[in-house]
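# Architecture and fold: a report
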Amino acid sequence: MLLVAPPPLTDPNFVESVVVVLLHNENGAFGLVLNQPMDVDVDHALATWTAVAGPPVRCGGPVETSALIAIGRPAPGTAPLGYQAIDTPTLGPIGLIDLHGEPTGELLDVRLFAGYTGWGPGQLEGEVLLGGWVVVPGLPSDSFDQRIDTLWGRVLRRADRDDPTLRLMPDDIASN
């Protein structure tokens, strides 16, 4: 699933954010902010992955911002070393990548993130109930979309086609 920050959210870590939730169970939740680019090139962050990781490095969230996390997809019919698949009903093949290994052509659409988002047991559910997030089913392309400057508005408009506030939301709320 994706979490979309609603328009009134003012937390500077999540304003106009789209978060892909990669793990959600009784122990909490883990995700990555998809649409917060950093002013860091992949070459500078992890030069060995420059050939396969799409730019830019993104801020995955406010937790452990010095840690690099990678997601990607396997090429059809492959089982890349260092790839840990994540079972999701709507995101298609997606998984975490061990960045200690060597990049391989078996990995597609690799993205690097500095930091991540995390919630303790029941915390995310509480935030959703209080209206802190809009929950939207993800599409296979969302986690790897290069048009990150317009991702928030496009995903938010998918949330509820009957809600005119969301349906008419611009890609950038500041342009409204």
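Structure: see above.
The structure displayed is predicted, hence computed values, not measured ones. (Residues numbered from 1 in each chain as written. Predicted model: local features only at pLDDT ≥ 70, side-chain atom pairs only at ≥ 80, totals over all residues. Heavy atoms only, no water.)

Let us now look at the overall build of the chain. Tallying secondary structure elements over the chain gives four helices and nine strands in all. In sequence order, the secondary structure elements of the chain are arranged as β-β-β-α-β-β-β-β-β-α-β-α-α. For the chain, whose C-alpha radius of gyration is 16 Å, the value lies close to the compact-globule estimate of 16 Å for 176 residues. In terms of principal-axis extent, the alpha carbons of the chain reach across some 45 × 35 × 30 Å. Per-residue burial for the chain yields a buried fraction of 42% across its 176 residues. (Helix = DSSP H or I, 4+ residues; strand = E, 2+ residues; numbered from the N terminus. Rg over C-alpha atoms; globule rule 2.2 N^0.38 Å. Buried < 20%, exposed > 50% of the residue type's maximum accessible area, 1.4 Å probe, protein only.)

This part covers the side chain of R73. Topologically, R73 is positioned in strand β5 (residues 63-74). We classify R73 as buried; its relative accessible area is 19%. Within the local environment of R73, its side chain forms a polar contact with the backbone oxygen of P140, the two atoms lying 3.3 Å apart. Beyond its immediate stretch of four places on either side in the chain, R73 contacts Y83, P93, E106, L107, L108, D109, P140 and F144. (Polar contact = N/O pair within 3.5 Å; in protein donor to acceptor, adjacent residues only side chain to side chain. Contact = heavy atoms within 4.5 Å.)

Counted under the stated rule, the structure contains four salt bridges. When the shortest N-O distance is used, the salt bridge between D109 and R73 registers 2.8 Å. Placement of D109 in strand β8 (residues 107-119) and of R73 in strand β5 is noted, with a sequence separation of 36 residues between them. Between R158 and D142 there is a salt bridge, and its shortest N-O distance comes to 2.6 Å. Residue R158 is located in helix α3 (residues 151-159), and its partner D142 is located in the loop between β9 (134-136) and α3; the two are separated by 16 residues in the primary sequence. Taking relative accessible area as the criterion, R158 reaches 25% and is therefore assigned partly exposed. (Salt bridge = Lys/Arg side-chain N within 4 Å of Asp/Glu carboxyl O.)

Bringing the environment of Q123 into the picture now. Relative to the helices and strands, Q123 resides in helix α2 (residues 123-129). Given a relative accessible area of 38%, Q123 falls into the partly exposed group. Counting along the chain gives 94 residues from Q123 to A29, while the straight-line C-alpha distance between them is 8.5 Å.

On to the nonpolar core, then. Here is a general trend for soluble globular proteins: nonpolar side chains tend to be buried in one another's company. Counting residues in hydrophobic clusters, the biggest one holds 32 residues, and the most contacted among them are L22, L32 and W133. Of all the secondary structure elements, the ones that give two or more residues to this core are β1 (2-4), β2 (18-25), β3 (28-33), β5, β8, β9 and α3. Of the residues forming this core, the biggest block, five residues, is contributed by β2. Contacts of L32, omitting those with residues within four sequence positions, involve V18, V19, V20, L22, G60, I69, I71, F113, G115, Y116 and T117. (Core = buried A, V, L, I, M, F, W, Y, C linked by side-chain atoms within 4.5 Å.)

This part covers unusual backbone geometry. Cis geometry is adopted by the peptide bond preceding P56, which originates at P55 and carries an omega value of -10°. One can find P56 in strand β4 (residues 53-59). Phi at D109 takes a positive value of approximately 50°, unusual for a residue other than glycine.

Remember that the coordinates give geometry; whether it matters functionally is a separate question.
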